[in-house]
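# A structural walkthrough
Residues per chain, in single letters:
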Amino acid sequence: MVAQGFTVDLNKPLVFQVGNLGEDYQEWVHQPIVSKEGPRFFASDFWEFLTRTVWWAVPVIWLPVVCYCIFTSAKMGHTTTDILLMLGLGIFVWTLMEYTLHRFLFHIKTKSYWANTAHYLIHGCHHKHPMDGLRLVFPPAATAVLLFPVSDLLFL
């Protein structure tokens, strides 16, 4: 795809190329490339590794955290009914938050270099490369980086 004299080279790391598409990014990102192998995002093997996650890593990492929280709640004296209500409320709030982020943040129209780059990294790659099995879920390493500032805000 050519935009403003710029061509995305699919043989090179993509993340820092897509920002150069400017206003043409939206059209480019919504023309899927269907292949079993996903593209390379970064030149660095370290950063590239952090962008790839098997889907089952999410439950393997987060289910023990959920179980710990349930166990801690029980030790604090909460009843089974209280715990089930909190669990149900947590699932509801998470689902609502995930839908809202997906609908209003991940599908925002971008034009600038950094907005296009961030959008592609966070969600645009899902539209451009829908069959990339290692980028279906948000990487746990990125989640851990975001976890600390968000938890700090919650406990102010």
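Above: the structure in question.
The shown structure was predicted, so the numbers you read here are calculated from the model rather than taken from an experiment.

## So, the overall build of the chain
- Helix and strand counts for the chain stand at 7 helices and 2 strands.
- Each helix and strand of the chain, placed in order from N terminus to C terminus, yields the pattern β-β-α-α-α-α-α-α-α.
- Against the globule reference of 15 Å for 156 residues, the chain gives a C-alpha radius of gyration of 19 Å, more extended than a compact globule.
- The principal-axis extent of the C-alpha atoms belonging to the chain is close to 65 × 30 × 30 Å.
- Classification of the 156 residues of the chain by burial places 24% in the buried group.
- A fraction of 63% describes how many contacts in the chain between residues 6 or more apart in sequence connect residues 24 or more apart.

## What to know about the pattern of salt bridges
- Here the structure, examined in full by the defined rule, presents 4 salt bridges.
- Asp 45 serves as the salt-bridge partner of Arg 40, at 2.5 Å between the closest nitrogen and oxygen.
- On the accessibility criterion, Arg 40 (32% relative accessible area) is partly exposed.
- In this structure, Arg 52 and Glu 48 form a salt bridge, with 2.9 Å as the shortest nitrogen-oxygen distance.
- Overall, Arg 52 belongs to the partly exposed group, its relative accessible area being 30%.
- Exposure remark for Glu 48: the relative accessible area of 3% places this residue in the buried category.
- Residues participating in the shared-partner salt-bridge network are Glu 48, Arg 52, Asp 132 and Arg 135.

Conventions we followed
- Residues numbered from 1 in each chain as written.
- Predicted model: local features only at pLDDT ≥ 70, side-chain atom pairs only at ≥ 80, totals over all residues.
- Heavy atoms only, no water.
- Helix = DSSP H or I, 4+ residues; strand = E, 2+ residues; numbered from the N terminus.
- Rg over C-alpha atoms; globule rule 2.2 N^0.38 Å.
- Buried < 20%, exposed > 50% of the residue type's maximum accessible area, 1.4 Å probe, protein only.
- Contact = heavy atoms within 4.5 Å.
- Salt bridge = Lys/Arg side-chain N within 4 Å of Asp/Glu carboxyl O.

Shape is all these values report; function is a separate question.
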